[in-house]
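# Residue-level structure breakdown
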Amino acid sequence: MRWPRRRHSVLPGFGLTLGFAVVYLSLVALIPMAALFLRSRGLGWGGFWETVTTPRVLAACRLSFGAALIAATINAVFGFVVAWTLTRYRFFGRRLVDALIDLPFALPTAVSGIALTTIYAPTGWLGRALEPLGIKAVFSPLGVVIALTFIGLPFVVRTLQPALEDLEVEVEEAAASLGARRRQTFRRVILPAVAPALLTGFALAFARALGEYGSVVFISGNLPGKTEIAPLLIVTQLEQYDYEGATAIAVLLLVVSFVMLLVINALQRWSGGRHARGA
Amino acid sequence: MGLRPSTAEPRWVRLLLVSVTLLFLGAFLVTPLVAVFVEAFRKGLGAYLASFADPAVLSAIRLTLLAAGIAVPVNLVFGLAAAWAVAKFEFPGKSLLTTLIDLPLAVSPVVSGLIYVLVFGLHGWLGPWLQAHDLQVIFAVPGIVLATVFVTVPFVARELIPLMQEQGTEDEESALTLGASGWQTFRRVTLPNVRWALLYGVILCNARAMGEFGAVSVVSGHIRGKTNTVPLQVEILYNEYNFVAAFAVASLLAMLALVTLAAKTLVEWRVAAAPASIFAAGEKP
């Protein structure tokens, strides 16, 4: 027999644990973040607007958003294929491949950065193949996309896997017995069912890619106005003691992060909140 | 050959999808990992080992161990406290709290470093006071520890909260009814119930603490032998075209990543095998 949840639990320690959690979170995260917003207020609206609309900042933001969008799209497509293959098919080495998916989470971004740069350099394993085609992967916007695709992949795969596992075969059988071809079943039955999870994974990969720093700075070459991403511009301005400029871009990135967090929360509620994984 | 089931794809589609998966993952995941070790051993084992004789590298390893050694226990305690409050009780603002716990994951690492510069830096809120008392946080070890703590806040809590919510409060209530104290209940009932998720959270927390680059880079100041962590040392060696040493040090971090992945896989198998509750073996809530 289950009682309706009581407001006052018999368990002890509520005040202590909640108090500690709130105080800790305030000291470590909330107060320093408040410092950022207060600092940016010193600029005023006009100053803020002026700072974030200089050609250099605009170019950096365009590159960050554009490359993050492209990378998240690549991940949505290939991440779907990977998640599908891993949940539906049995093949040699499947468990090893499955364990490897989290590599971009586990590998420090600086290591990913120098490794990707070495591979895609004109003398590298993959760069050598791209060079005769006239494709320049390192020190170009393409390099940024490559790095962001690498770090975003696990978000899509890990969000889709539980959703694909939860799909009931009976529904697909029903579709087939009603005369649907496999392709139709996929488009009309499977895809709509996993669409929320796919969108969540896409949003997670996009949000992560927007703020990514370590894996990008080595491969991008950091040419102002060409291959300079927004987080790098913050670092550059900080090194030149331009605190106001750095703060303005940081506020912009932080606001976008908040919005993405809200979007992702809404998407997760839509998909039932059960397919939300991704670190 | 029998008929293909109506819910399976044709054989050529399956072959194609498996090939695409393996090719894509091979190019994007396996190649970088292999490249780290190949580059590290390019000039032989001697050159590889010599990279670790550099005092700057040793000092970077010490600093990384120190930062992780502080950040992981602190966030372990926070994760347990936050999970207890969120999972076992109802209170207004609960979903706001869980969102805030995840916040450091959504923030760019660079911004995570910047906020501490704005509080503790020379031109920050506490900057003048710190300088008057001859204390340094930014471009010094405390700043690196703080930035590491910030970026690793969510890891333990977000592994524990969903599991503890799913487990409910019945086990704890039974223990209390049987006369256990609150602390005994937590230690003997709650902790064993969540031990694998806890271990997993700690592993992820540690991996991030040791591997963090962006946030630490902003507060470090890159003082050789003093404020460089292992990832920052990798960057310095790489930018000095000392590729063998850079990849040798990076191979340490890559091994840490592989150990993390192995531990994760192991823990997942244990979770799949272990009963969800110590009282109700095999019963799904």
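Note: the structure precedes this text.
Rules used throughout
Residues numbered from 1 in each chain as written. Chains lettered and ligands numbered in written order. Predicted model: local features only at pLDDT ≥ 70, side-chain atom pairs only at ≥ 80, totals over all residues. Heavy atoms only, no water. Axes fitted to C-alpha atoms, helices over the stretch in contact; angles between N-to-C directions. Helix = DSSP H or I, 4+ residues; strand = E, 2+ residues; numbered from the N terminus. Parallel < 35°, antiparallel > 145°, perpendicular 65-115°, else oblique. Contact = heavy atoms within 4.5 Å. Nonpolar A, V, L, I, M, F, W, Y, C, P; charged D, E, K, R; others polar. Phe/Tyr/Trp six-rings, centres within 6.5 Å; stacked < 30°, edge-to-face > 60°. Buried < 20%, exposed > 50% of the residue type's maximum accessible area, 1.4 Å probe, protein only. Buried area = accessible area lost by both parts, 1.4 Å probe. Salt bridge = Lys/Arg side-chain N within 4 Å of Asp/Glu carboxyl O. Polar contact = N/O pair within 3.5 Å; in protein donor to acceptor, adjacent residues only side chain to side chain.

## Let's talk about the packing of helix 3 (residues 55–88) of chain B against helix 12 (residues 230–239) of chain B
All names here are of chain B. The N-to-C vectors of helix 3 and helix 12 enclose an angle of 150 degrees; their axes lie 8 Å apart at closest approach. In this view, helix 3 runs roughly antiparallel relative to helix 12, as classed from their interaxial angle. In this structure, helix 3 contributes A56, V57, A60, I61 and T64 to the contact, and helix 12 contributes V230, P231, Q233 and L237. Partitioned by chemical class, the residues of the contact of helix 3 with helix 12 number 7 nonpolar, 2 polar and no charged.

## A short note on the packing of aromatic side chains
The relation between two aromatic rings is expressed through the spacing of the ring centres and the mutual angle of the planes. For the coordinates displayed, the defined rule picks out 25 aromatic pairs over all chains. For the pair Y48 of chain B and F52 of chain B, a centre-to-centre distance of 5.4 Å together with 75 degrees between the ring planes defines the contact as edge-to-face. No difference in accessibility class separates Y48 of chain B from F52 of chain B, as the two residues are buried. With a centroid separation of 5.8 Å and 80 degrees between ring planes, the pair formed by W84 of chain B and F186 of chain B is classed as edge-to-face. You can see W84 of chain B sitting in helix 3 and its partner F186 of chain B sitting in helix 10 (residues 182–211), a full 102 residues away along the chain. Residue F186 of chain B is classed as buried on the basis of its relative accessible area of 15%. The rings of Y213 and F218 of chain A together with F213, Y238, Y241, F243 and F247 of chain B are connected pair by pair, giving a single aromatic cluster.

## Here's the deal with the interface of chain A and chain B
The partner chain B presents 92 residues to the 92 residues of chain A that form the contact. For the pairing of chain A and chain B, the buried interface totals around 8200 Å² over both sides, and the portion due to carbon and sulfur atoms is 78%. Linking chain A to chain B there are 2 salt bridges. Note that K264 of chain B is salt-bridged to D102 of chain A, the shortest N-O span being 2.7 Å. Counting the contacts that link chain A with chain B gives 11 residue pairs in polar contact (both at pLDDT 80 or more). Of the residues forming the side of chain A that touches chain B, the biggest block, 19 residues, is contributed by helix 1 (residues 14–41) of chain A. In terms of residue class, the side of chain A that touches chain B is built from 65 nonpolar, 15 polar and 12 charged.

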